[in-house]
Amino acid sequence: MRIKKKVREISMYVVSACLAGINCRFDGKNCYDERVADLVKSGEAIPLCPEVLGGLSIPRTRCEMTTEEGELSVISETGEDRTQEYTLGAEKTVDIAKTIGASQAIMKEESPSCGLRRIYDGSFSNKKITGTGISSKLLLNAGVKVMTEEDL
């Protein structure tokens, strides 16, 4: 006699690593959110930092998104163009999400990588504008439902 085992389907998430308490922000700190950390601890989420996946160090110079002549760029506070690193990190984030079968993501609002509804305006004056970070945008384009810590 064969016994069928019921398998509980787990919904996997990718989450911004800083929300899980990993010190990976530009300033070497984190944005710990207990709810996100609990998802990681329970094996339902994989913490990722798109900026680190793109090759940027911890700590690193703060970056913001800008749009000049219709072209999106990510520029550091010291004027370096970091668009390539942010784009590479976003692509790797999407690849990992696909590999683990993640249908949802919890990202850090206001980040040039992870912001969903708000990002900084590129002036480094702490002014926020409506906008979506590169990683969140690519995740959405890949069919991953993106939310932020504010949605939990």
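Residues numbered from 1 in each chain as written. Predicted model: local features only at pLDDT ≥ 70, side-chain atom pairs only at ≥ 80, totals over all residues. Heavy atoms only, no water.

Enquirer: Give me the lowdown on the packing of helix H3 (residues 83-100) against helix H4 (residues 134-141), citing residues and values where you can.
Expert: One way to put it is that H3 packs onto H4 with a least axis distance of 8 Å and a crossing angle of 40 degrees. Classified by the angle between their axes, H3 and H4 sit oblique to one another. Between H3 and H4 the crossing geometry is right-handed. Counted together, Tyr86, Thr87, Gly89, Ala90, Glu91, Thr93, Val94 and Ala97 of H3 and Ile134, Ser135, Leu138 and Leu139 of H4 form the full contact between these two elements. Partitioned by chemical class, the residues of the contact of H3 with H4 number 7 nonpolar, 4 polar and 1 charged. (Axes fitted to C-alpha atoms, helices over the stretch in contact; angles between N-to-C directions. Helix = DSSP H or I, 4+ residues; strand = E, 2+ residues; numbered from the N terminus. Parallel < 35°, antiparallel > 145°, perpendicular 65-115°, else oblique. Left-handed = near helix turned anticlockwise from the far one by under 90°. Contact = heavy atoms within 4.5 Å. Nonpolar A, V, L, I, M, F, W, Y, C, P; charged D, E, K, R; others polar.)

Enquirer: Which residues make up the nonpolar core, and what values go with them?
Expert: With 14 residues, the main nonpolar core has Tyr13, Val15, Leu19, Val36 and Ile106 as its most contacted residues. Only strand S1 (13-16) and helix H1 (34-41) provide two or more residues apiece to this core. Beyond its immediate sequence surroundings of up to four residues, Val15 is in contact with Val36, Val40, Ala45, Ile46, Pro47, Leu48 and Ile106. Counting residues in hydrophobic clusters, the runner-up holds 13 residues, among them Val94, Ala105, Cys114 and Leu139. (Core = buried A, V, L, I, M, F, W, Y, C linked by side-chain atoms within 4.5 Å. Buried < 20%, exposed > 50% of the residue type's maximum accessible area, 1.4 Å probe, protein only.)

Enquirer: Which residues make up the sheet that holds strand S8 (residues 145-148), and what values do they have?
Expert: Strands sit in the order S2-S1-S5-S8 across an open sheet of 4 strands; the sheet is parallel. With partners counted over all chains shown, the strands left at the sheet margins are strand S2 (45-48) and S8, one partner each. Direction aside, neighbouring strands of the sheet carry axes that sit 25 degrees apart on average. Judged from the 4 bridges that link them, strand S5 (residues 104-107) and S8 form a sheet pairing that is parallel. By the bridge assignment for S8, Ala105 is matched with Val146. (Pairing = 2+ DSSP bridges.)

Enquirer: Run through the environment of Asp27, naming residues and quoting values.
Expert: Topologically, Asp27 is positioned in the loop between S1 and H1. In sequence terms Asp27 and Arg60 are 33 residues apart; their C-alpha atoms lie 6.6 Å from each other. Polar contacts involving the side chain of Asp27 include one to the side chain of Arg25, which spans 2.9 Å. Polar side-chain contacts of Asp27 include one of 3.0 Å to the backbone nitrogen of Lys29. (Polar contact = N/O pair within 3.5 Å; in protein donor to acceptor, adjacent residues only side chain to side chain.)

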